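# Summary of the model geometry
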Amino acid sequence: SHLIALFRISRTMAASDTPPIFKAWFQRCININGSDASPNDVPSNARTQINDRVSHRLQHDARLHFEALSASASANGDARKTGAAQVTSDPNPPPNQQSTAAQDVSSASSSTANGALARLVATFGPVISSSDSTEATNNDSKSPAEKSHRLVARIRALHCFLGALEGSGSLTQGVREAVGRFLVEICRSGRNEEGDVAQDGGEDLMVSEQPDFVDAAELSPEEITQQLKSMDEVEQRKNWIDESSSPSIVTVTADDIRDVSMMCLTALVRSGLDVFPTRESKSMDSPPLEKAIEVVYQSMNLRLELAMLGVRNRCDMSDSDSNNIHSGASYESMQIDFSVEEGLSQLPRAKRSICFNLLEAALEGIVNDASKWKVLLSQSQSEKSSFCDLVPASVLEKMSSFGSLSASCLHGETDPRCLLQVLRLLNRTQQVMLPLFDSQHYSIGSHMKVEESHPGGKVAFPSVVIFDAVAPYYPVHFTPPKNDPHGITRDMLQNALMSVLCERGAKYNHFNITEIDNAGGKESGEDETMITLAGRMFLERLDPPKTVMDYDPVSSGSNSEVEDKLDAVRDLSVLLLPSSSENTNPNIRRVTTAFLTELSSSLARVHEQSITSATGSPTTDDATGGLDAEDQISLASSIRQFSSTLAHWLEENGPSSFGFGLNGGEEKAEMIDSSLWEAFVVDIIRRLSPTLGSAPQGLHGRASTAYLASLAAGGGLVTLNKVLQSCIPGFLGVLALLDENREDSTTSTESSNAKNRDEEKMAAAMRGIAALISSCRVTLGRLERKHRGVKINPHPMLLFSSKIIQKISLALNSMAKHADDSQLSLAAVAALESILTTADLQALNEEDVNSMIKSFSTLASFIIQTDDAVIKTSSSDEWKTACARALGALISNGFVDVNAEVSEECHHLGVYAESLLRQTLLSASSPPDVSFDSSCNRYDWIVLAGACSNGPLFVSRRIVFDLCSRIIKDLQMNPFKDDSINFFPLTALSYLVRNGGMNVSISFHEKDGRQSFSFAIIDELCKSVKRKSSANGVTTGERDMQIPIGMSQLKLPLSEAGDWEEANTVIRRAYLILPHLLHTYERTPAISSCKTLIDSIGQVIPPLSEWDEVKLSVCLPLLASILNCSDHVWSKLEASSIDGLKSMTPYLAQFCMSPDHKPYARSSASSCLFSTIFHASNDEEQCDDDEYAIVHQLLDNNVFPALEEAVESLKADVSDLACKETSGFVSASSFSRVEDILNFMSVLGSAAECKGGPYARVGDAIAKFLVELTCTGMAKFSSNREAIELISFTKDGKENPLMNLSAHISTLSASAFGNMLSVQNGGPFWRQRITHKTLPTILKALQEQSQSQYPPALGTLAIICHMLCCLPVSVLGGSHVRQFVPTLVAGLVYYSKNTSVLVESEMLSSKASGLLSIVIASLAKMLSNSPDDLTKFMEIIIPSLSLLCASIISNEYIPIQVLVLQCLELATKHPHARNTAQREKEQVVAVLSALVDHPSSIIRHTAVQVRNVWYSTL
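Residues numbered from 1 in each chain as written. Predicted model: local features only at pLDDT ≥ 70, side-chain atom pairs only at ≥ 80, totals over all residues. Heavy atoms only, no water.

### Details of the overall build of the protein
Counting its regular elements, the protein contains 60 helices and ten strands. When each of the 1514 residues of the protein is scored for burial, the buried share is 51%. By sequence separation, contacts in the protein at least 24 residues apart represent 78% of the contacts at least 6 residues apart. (Helix = DSSP H or I, 4+ residues; strand = E, 2+ residues; numbered from the N terminus. Buried < 20%, exposed > 50% of the residue type's maximum accessible area, 1.4 Å probe, protein only. Contact = heavy atoms within 4.5 Å.)

So this is what it looks like as structure tokens:
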């Protein structure tokens, strides 16, 4: 045979020159035990480990040796190539009967990887191969141990061979062919005559069966003793074997030999190709380059054949030799049976994976050959060789067979790991081979015919076979098991499947399949491609055929039909549309016009069905009206998005002349045929547009309008023009009924019904026109942005604008005449708004402008309040809102800049728009008409908001200037009386800021001259004197006059109280106006005013006068609004502004803690300080623990000195109160002083926690300080500070905490800790951290209280209630929550029994009632979220809640009573408290019935609702 001849040649060559290292490896292989010990002396599991270790060591050594040989050969590669090119003849030419393999083997040197590999085959061939006839004949005479030794030796030899192949960088074609045939033979079934199973150790490990007794007859005593000892040894050995972790008989199967040979074959087909050392390449019969290219073709063919033969032989489970390779047969003549499914399915998963690895390795080798082929082709073309650049048909046929074999591996595969591997293999096959198949298409279309290049016709890639294999897996049904170690998900399988269906990663020579079919003389669509097949499969899922009764559409199992269709649309998008990272998708060039026509029709049909189902009126052929309307709407929206995007892509990638020069003016190599766009867009327009001119009001007409409008909006300019030219004439034909109805004045019933039908039809046509005009605006805006503001000329609406305006005018005039705001009128107003924002106003004629002005005058009469006109109030809000939007569009687009050059007609329209703007501003700044309800919308504000949002910046500037001027004038003219301020300009400005777009804020904050409007208003709010109106309307003030100079002119102020009274009046008025101004500072443009605000505040903080206080009271809330509006603000602030904020932090801290300032201003200062700490970056973030950060400085310099002083003052007041032995209220200043400082400390702590890093340690220390101060009355912040004792618990305070002032004081630090927990900024873990750090102190206090008979301490009760309200159970922990519950219930019981004392406790402080609110709120949260933790306390909770309801009847406790009623309602829903609720039902219902007469309506309604629940549930 071929192998025997190879062995003979290599043995003759290596008889005297076998490398010593090969001999050492050979001896290692045949030394089975790996040591000098006998097999019986080594345990079986130890021998298995030795064999594995020896095999892998041989593989490792061989790989290193051959890597060194390959590296040496690579260093001399250039010299070898040069030598190969210079050789003209060989002194010892091989005989003609020798093949390329024999030539390469005989000429190779042991110093190269090729020669060493040939000698390795010669050395290890007898060990690996069992083909010798002598060995086969004597096989039956071998013992089991000899068979086992033989198999283990073959395993080791193959591993050594595997390492050699892995280390070989590149091999010649002949060596690869010889080695490959050698390995393929080993992969075949029936080549291992030893049998399927051989035993390692064989009979040596088998214990012969012996009787379990000794026959003492005719035996001497010594012989009996010897036999007993032998039996005992045998029994001990058997017990040791049974208890061994490995089986007593180590088996090595023939499949193991085949698997290792498959691995060797994998390394072989993956190795590179060494072209020039081949002897045939040195021949001068043909040019070397052409011969080298032929060698590359042979290499491709060989790799594919070896991979397919290996898989086929490995999957062959028969023992017949019917598939043996005949002697001397070349690899081109081999016939391979691809029916490997049955054998492959019988292999375990790991062995199937080995087969797939072999196929993947062949693809890697093909990639290597293809790169060499391209290089050689480029060199051949540079030398003007006549060699054909097409891949030979034989290679393409082999590739086609390879693809078919790979696809057959997928049949019946269910293991997700193998399925994922095969899908990726198929996609890799497409990526590697499709470009080579595509080259024949490209050459055919360029300069050749199929018959000339490939006799017999074009060779097709097996796309249909691959599709048939993967289609059953679409869509993927897979739910990974829990704790899956492999990590395979449904998305991974779905992506791999879509990669095959989309041929993802395959690079084509760009062509259209229509052009190829025409070049080949075939009709379009004759050849099926993977893209067409996959697209039709997706279409079947989207639009299942209705003709086949038993058709079961492709579904994803648990998904509904609508979800399946949504998935189908997404898959079509992946198939045909380019991804976000790509500009093009070559798949669209692989489809035919027939497919795109079918796709367009199906999309329109499903779109109509979804709209029909969403309206709840299913058609007769698709009864899907019961499906969720939202899902149907989402499906329709997805279809419109996909179709418009595909139309846009088809147009964008068409010829430049086709796109009117909008594609850059240059032809692209990737241009597609315009027939594809026509098939997808034009055909569906022709089919749907006739309905728009006959019945646009029907479901089919409305769905067609929406679909075509989306095409116009998402497509390009050509699509837009095509839709407009096809649809608008039909709509205008319907609107011709306006002229007929105007001439027809009959009022019969039949005529009235006909008019109603006509009006519905005309309204649908008018809405269709509005939709198409809006689509035009979207498309034009996109094109202008793309081409940097270049206008499209001529305008797409040029031919239709005049006709549409006339029809709109007729409809609105008819409405004004009959005082009717019908659907036609609403549609006409919407169309008027659209035409005004889209059409080219410069092209309007005088008649059109007059018609528009007349129409707008009609609309203005409904919403604009003037002195000589009364607003018509009979119309609906929908109609007035539509009118307001249209008027806003007129102002935004018709209002002309003074410097613009416009036509006379456009100027006429601009004059009217300016007049309308003045009227609207006057109406918006005035109180509404008395006939208006206070809850009605201000439609004049809607007009201004629309003008600002849609118009250019100068429109917003004009509106903001007018409103701000009115605001400043009102502030200057009116005295300081609350009821005399005109708030309507302020409220209008606030509405515009929230609804008018960003231009309003820009106009408000930009500087006009020296000062912006924002600071002009601030200055007016901070004026220090009252103004008086002069006769000529100019305001003056005493302090605005010139101050006389001289010592005699100095005077003391008349009264300090007078200045404070005046300042308080100014602040009170400012606080009435500030809520309307804050919205203007909550937008990004307000950053431009931030620096000026910071500078203004820095000049007056700390305040030295009452007017400094006024300025701070006005500016601090505005600055806080800017700093907290968005996190992006801080990235845009100037460094000087941030430095100014940092420098103000000590003064802001003093301002926050001082009770002398206004609460609103102090709260704003705290907000500014929090934002500064949280957002501002500084160098102290990287400081060590010993260094002070900004929070440390505030604590040391401001907080703790003030806290120590306030605590001492509070203790003195408490001591004085105790000495008087009378009940009274402690000094409010000292109590609130301590509360303010602790609250400010919580602000610092929460800011530090949110900022994180080194600041978090400061926040943790503050949290622990507050908790210890609450639970123990004393706390120490750090080691360098003295402990602060806030309270001392006495016996009287523990027995009756509600009436003890110390108990009230303990709630101050608890409330401060609750303030920290309630902050929502920062990451998700800082609350969990401070909870972990403070829980030990809290749990210790709870444990001490549980051992006493006193009511719970108010401070500890407040702490746990704040934690229950602010933290989820996952942060607290279920066990900790259960430890909190007894204290919570005890607090509820204590309050319910002492409601009479609650009112008296208000004399001490309001903390007691506030704590009761938190207790009830915590109980309500637990009843809702974790009712099981309250199950054993429900017998106490329900009566306590009833008692609270009956006892608290004061109007001051209405919020608390509402919470109690909510808890009673939640108690009825407790899953395990039904019996308890039934026992308490009578008492609870009696209490609820009494509350029906409560003076508060909220309590009455809530009580009735809760009582109904108790009646109906129990």
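### With respect to the pattern of salt bridges
Scanning the model with the defined rule gives 31 salt bridges in all. The salt bridge partner of D415 is R417, with a shortest N-O separation of 3.3 Å. D415 gets classed as buried once you look at its relative accessible area, which sits at 16%. Classification of R417 as partly exposed rests on a relative accessible area of 29%. (Salt bridge = Lys/Arg side-chain N within 4 Å of Asp/Glu carboxyl O.)

### Brief notes about the packing of helix α34 (residues 904-924) against helix α35 (residues 939-950)
Helices that pack against each other are described as a pair by the angle of their axes relative to one another and the distance between those axes. Taken N-terminus to C-terminus, the directions of α34 and α35 make an angle of 130°; their axes are 9 Å apart at the nearest point. In terms of axis orientation, α34 runs oblique to α35. Two packed elements cross with a definite hand, and for α34 against α35 that hand is left-handed. Judged by residue contacts, L917, T920, L921, S923 and A924 of α34 engage D940, W941, V943 and L944 from α35. Class assignment for the residues of the contact of α34 with α35 results in six nonpolar, two polar and one charged. (Axes fitted to C-alpha atoms, helices over the stretch in contact; angles between N-to-C directions. Parallel < 35°, antiparallel > 145°, perpendicular 65-115°, else oblique. Left-handed = near helix turned anticlockwise from the far one by under 90°. Nonpolar A, V, L, I, M, F, W, Y, C, P; charged D, E, K, R; others polar.)

### Let's talk about the confidence of the model for the protein
Low-confidence regions, as indicated by low pLDDT, have predicted coordinates that should not be scrutinised in detail. Per-residue pLDDT for the protein averages 76, and the proportion of residues at 70 or more is 73%. Overall, residues 78-99 carries pLDDT values under 50, and its contacts beyond four positions in sequence, including any with other chains, amount to 16 contacts. Low confidence marks residues 617-627, where pLDDT is under 50. Its contacts with residues over four positions away, or in another chain, come to 16 contacts. (pLDDT = per-residue confidence, 0-100.)

### Some thoughts on the environment of E342
Here E342 lies in helix α13 (residues 341-345). Considering only alpha carbons, one finds E342 and G412, 70 residues apart in sequence, at a separation of 9.5 Å.

### Focus on the packing of aromatic side chains
Under the defined criterion, the tally for this structure stands at 13 aromatic pairs. Residues Y1071 and Y1160 carry aromatic rings whose centres are separated by 5.0 Å and whose planes lie at 80° to one another, so their mutual orientation is edge-to-face. With Y1071 in helix α40 (residues 1056-1077) and Y1160 in helix α45 (residues 1159-1175), this residue pair connects regions lying 89 residues apart in the sequence. With centroids separated by 6.3 Å and ring planes inclined at 75°, the aromatic side chains of F1265 and F1277 adopt a geometry described as edge-to-face. One end of the pair, F1265, is in helix α48 (residues 1255-1272); the other, F1277, is in the loop between β9 (1274-1275) and β10 (1284-1285), and twelve residues separate them in sequence. No difference in accessibility class separates F1265 from F1277, as the two residues are buried. Taken together, the ring pairs in this structure connect F1200, F1265 and F1277 into an aromatic cluster. The positively charged end of K1251 is found above the aromatic ring belonging to Y1255, 5.6 Å away from the centroid. (Phe/Tyr/Trp six-rings, centres within 6.5 Å; stacked < 30°, edge-to-face > 60°. Lys NZ or Arg CZ within 6 Å of the ring centre and 35° of its normal.)

### Some words on the packing of helix α21 (residues 530-542) against helix α23 (residues 593-614)
Two elements in contact, α21 and α23, have axes whose closest approach is 11 Å; the angle formed by their N-to-C orientations is 15°. Put simply, α21 runs roughly parallel to α23. When the axes of α21 and α23 are compared, the crossing they make is left-handed. Residues T532, G535, R536, L539 and L542 of α21 lie in contact with α23, whose contacting residues are F595, E598, L599, S602, L603 and V606. A class-by-class count of the residues in the contact of α21 with α23 yields six nonpolar, three polar and two charged.

### With respect to the state of the cysteines
The final tally for this structure, using the stated rule, is zero disulfides. C315 provides the cysteine sulfur closest to C409, a residue in no disulfide bond, and the two sulfurs are 6.6 Å apart. Unpaired in terms of disulfides, C1022 finds its nearest cysteine sulfur in C1115, a separation of 5.4 Å. Residue classification places C1022 among the buried residues on the basis of a relative accessible area of 17%. (Disulfide = S-S within 2.5 Å.)

### What about the side chain of T532?
Of note, T532 is situated in helix α21. On the accessibility criterion, T532 (2% relative accessible area) is buried. Beyond its immediate chain neighbours, meaning those up to four positions away, T532 contacts R590, V591 and F595.

### Observations concerning the nonpolar core
What tends to happen in soluble globular proteins is that the nonpolar side chains get buried as a cluster. By size, the foremost hydrophobic cluster in this structure holds 421 residues, and its most contacted members are L183, L501 and L599. Of the residues forming this core, the biggest block, 15 residues, is contributed by helix α12 (residues 288-315). Not counting the four nearest positions on each side in its chain, L599 is found in contact with L539, L572, L576, F642, L646 and F680. (Core = buried A, V, L, I, M, F, W, Y, C linked by side-chain atoms within 4.5 Å.)

### A closer look at unusual backbone geometry
Omega for the bond connecting Y474 with P475 falls within 30 degrees of zero, at -15°, which places this linkage in the cis form. Mapped onto the elements of the fold, P475 is located in the loop between α18 (463-470) and α19 (490-501). The residue after N793, namely P794, is reached through a cis peptide bond having omega 5°. For P794, the location among the structural elements is in the loop between α29 (749-786) and α30 (801-818). Located in the positive-phi region is E503, a residue other than glycine, with phi close to 50°. Locating E503 in the fold gives a position in the loop between α19 and α20 (513-519). Using a relative accessible area of 3% as the deciding quantity, one classes E503 as buried.

### Side note on helix α42 (residues 1106-1124)
Three or four residues apart is the spacing at which side chains of an α-helix point the same way, because the helix has 3.6 residues per turn. The terminal C-alpha atoms of α42 lie 27 Å apart, and with 19 residues this matches the ideal 27 Å at 1.5 Å per residue to within 8%. The element α42 is largely enclosed, with a buried count of 17 among its 19 residues. (Expected span 1.5 Å × (residues − 1).)

### Comments concerning the environment of K1291
Tracing the sequence through the fold places K1291 in helix α49 (residues 1291-1295). The exposed category is assigned to K1291, whose relative accessible area is 54%. Taking the C-alpha atoms as reference points, K1291 and Y1350, 59 residues apart in sequence, are found 9.2 Å from one another.

### Topic: the environment of S834
Examined against the element boundaries, S834 turns out to sit in helix α31 (residues 823-838). Between the C-alpha atom of S834 and that of I769, which follows or precedes it by 65 residues, the distance is 8.9 Å.

### Quick word on the side chain of S809
Considering the arrangement of structural elements, one finds S809 in helix α30. Exposure remark for S809: the relative accessible area of 7% places this residue in the buried category.

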